[in-house]
Structures are given as structure tokens and as C-alpha cells.
Amino acid sequence: MKWISDLIDLIFPRTCLVCGELLSPQEKDICLDCLSKLPRIEKIHLEEIEKSFWGKISIERATSFIYYHKSSPYNNIIHNLKYKNRPEAGERLAFLAATEIAESGFFDGIDAIVPLPLSKKKERKRGYNQCDHIAEGLSRATGIPVIKGAVARTTANETQTHKNRDERWKNVEGIFALTDAQKLEGKHILLIDDILTTGATLASCAKTIQDGCKCSISIFTLAYTYNGI
Ligand SMILES: [Zn+2]
């Protein structure tokens, strides 16, 4: 009922995750002004994203939606999705991303969406896997089903944040295990993560899947770390 949500807004004012201004009852997570200025990734960098996997794993295609760069207020959406118990913000951003990206034919031929798994320990601590919510948003927009439980993260490796490029690739080797190859066999799957930095974690997961079953893999992340703008 509308009056109830209006009343809740009055008691607990909702603010834009980007600019901090009060949201109108119609706005969700982000105000219309910030939504109209989303830092969408330019074509030249989308090409770079795809190329970053070449020679490491065999993928069909890869894409991402917004820039994640130093001091961008839009990073706050990702922080809320990952650390502040606001996974629905990521779900809605993923839905928007999918409706826009679908026009390019990116999702054509993809059979299933597979969220990158978290370790059991980390998921318990956080209460959810943020990639599950991104996957749900993509699925809601495209109608492509989500498959969970086919691949698991066996090691809660140390954080990648302070590691250089080579260390990041070494740090994630063998941290995934294929737990139900049957679920993925013969499919074209879209592997999902929140932020793409070096792509090492995604590549490690893709390799584990491809070592254990015959399937094609494409990649989608909600954001892309890029500090050049
Ligand atoms: Zn705003």
C-alpha cells in the first residue's frame, strides 16, 4: 500500500547511493539524475576487457557495465551490494545493464547464468553471495535461467587487493572445484562477478569448469576497475 511506503520513507528517509540526496517514492537506490549519468564503459574499454582473457582461457565474449575507478561516487553502489547488506541495489543495476546490453545480441545463445561462488565461510559471514543477486537481475531481464551449485569455491584465499598482477594470478589457482558437471555439460554459460580487475579469479573458475566439462563460457561483470579516466 502506497501510504505505508510513504510513511516508511518519512521515518527512515531513503537516500541516493551516489549523491546522498533524498529519493522520491518512485526512485530506487539511485536518483534519476545520477541514473542518467551512469559511467557506462566505452567501446574501446569493452574491447580491452574481452582481450584481457585472450591466451588465458577460451571464452566466447566478455563485457561489463560501469567503470569502477578511484573516487567515483558510483563505487558506492558496489560497496552497498558487497558489504552493506544492500544486494537488491546490485540486482536492479544488473537488470538495467542486461536490458541495455541485450540490444547488442550479447545474450544470444547463452543457456545459463552462473554466479561466481563465494567460499561457504565468506557467504555465511556476509549472509548472501552478491553475485547471486547480479545473476538474478540479469535473469529477470533476459529470461535466461540461473544455475547454482555446479561449481564451488574450495579455498577462501587471501584478499587480492594488495597484490600485484602476477601475485593475483598465482593466488587464485585451484581455488574452485566443479561439483556437478552434469548441470553445465554442453551449455553456453555466462559466468558472473561483481568487479573485473585482472580477471584472474574469473579465469580460474572458467578453467576449472572447462577442465571438467564441455561447455562454452562468456563473462559479465557489473563493474570494471579502470583508473585512467
Ligand atoms: Zn543521486
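Attention here is on the structure that accompanies the text. Nothing here was measured: the structure is a model prediction, and the numbers come from that model.

## Considerations on the overall build of the chain
For step 1, the next point in the chain: A count of helical and extended segments in the chain gives nine helices and six strands.
For step 2, the next point in the chain: Its C-alpha atoms give the chain a radius of gyration of 18 Å, within 12% of the compact-globule value 17 Å for 229 residues.
For step 3, the next point in the chain: Its C-alpha atoms give the chain principal-axis dimensions of about 55 × 40 × 35 Å.
For step 4, the next point in the chain: A fraction of 76% describes how many contacts in the chain between residues 6 or more apart in sequence connect residues 24 or more apart.

## Points about the sheet that holds strand β2 (residues 112-115)
For step 1, the next point in the chain: Sheet architecture is open: four strands sit in the order β1-β6-β5-β2, paired in parallel fashion. Of all strands in the sheet, those bounded by a partner on one side alone are β1 (62-68) and β2. Going from strand to strand, the sheet's axes swing by 20 degrees on average, the running direction of each strand aside.
For step 2, the next point in the chain: Sheet contacts for helix α5 (residues 87-101): β1 and β6 (216-225); angle to β6, the most-contacted strand, approximately 120 degrees.

## What about the nonpolar core?
For step 1, the next point in the chain: Among the nonpolar cores identified, the biggest contains 56 residues, and Ile-77, Val-114, Leu-191 and Ile-192 are the most heavily contacted of them.
For step 2, the next point in the chain: Among the secondary structure elements, those contributing two or more residues to this core are β1, α4 (75-83), α5, β2, α7 (130-142), β5 (188-196), α9 (200-212) and β6.
For step 3, the next point in the chain: Composition of this core by domain shows at least three residues from each of domain 1 (1-37) and domain 2 (38-225).
For step 4, the next point in the chain: Discounting chain neighbours no more than four positions away, the residues touching Val-114 are Ile-147, Ala-150, Val-151, Ile-189, Leu-190, Leu-191 and Ile-192.

## A look at the environment of Ala-177
For step 1, the next point in the chain: Within the secondary structure layout, Ala-177 lies in strand β4 (residues 176-178).
For step 2, the next point in the chain: Among the residues examined, Ala-177 registers 13 C-beta atoms within 10 Å and is labelled partly exposed.
For step 3, the next point in the chain: In this structure, the C-alpha to C-alpha distance between Ala-177 and Cys-19, residues 158 residues apart in sequence, is 41 Å.
For step 4, the next point in the chain: Beyond its immediate sequence surroundings of up to four residues, Ala-177 is in contact with Ala-152, Thr-154 and Thr-208.

So, how was this worked out
Residues numbered from 1 in each chain as written. Predicted model: local features only at pLDDT ≥ 70, side-chain atom pairs only at ≥ 80, totals over all residues. Helix = DSSP H or I, 4+ residues; strand = E, 2+ residues; numbered from the N terminus. Rg over C-alpha atoms; globule rule 2.2 N^0.38 Å. Contact = placed C-beta atoms within 7 Å. Pairing = 2+ DSSP bridges. Axes fitted to C-alpha atoms, helices over the stretch in contact; angles between N-to-C directions. Core = buried A, V, L, I, M, F, W, Y, C linked by C-beta atoms within 7 Å. Buried ≥ 20, exposed ≤ 12 C-beta atoms within 10 Å, placed from the backbone. Domains from an automatic or database assignment.

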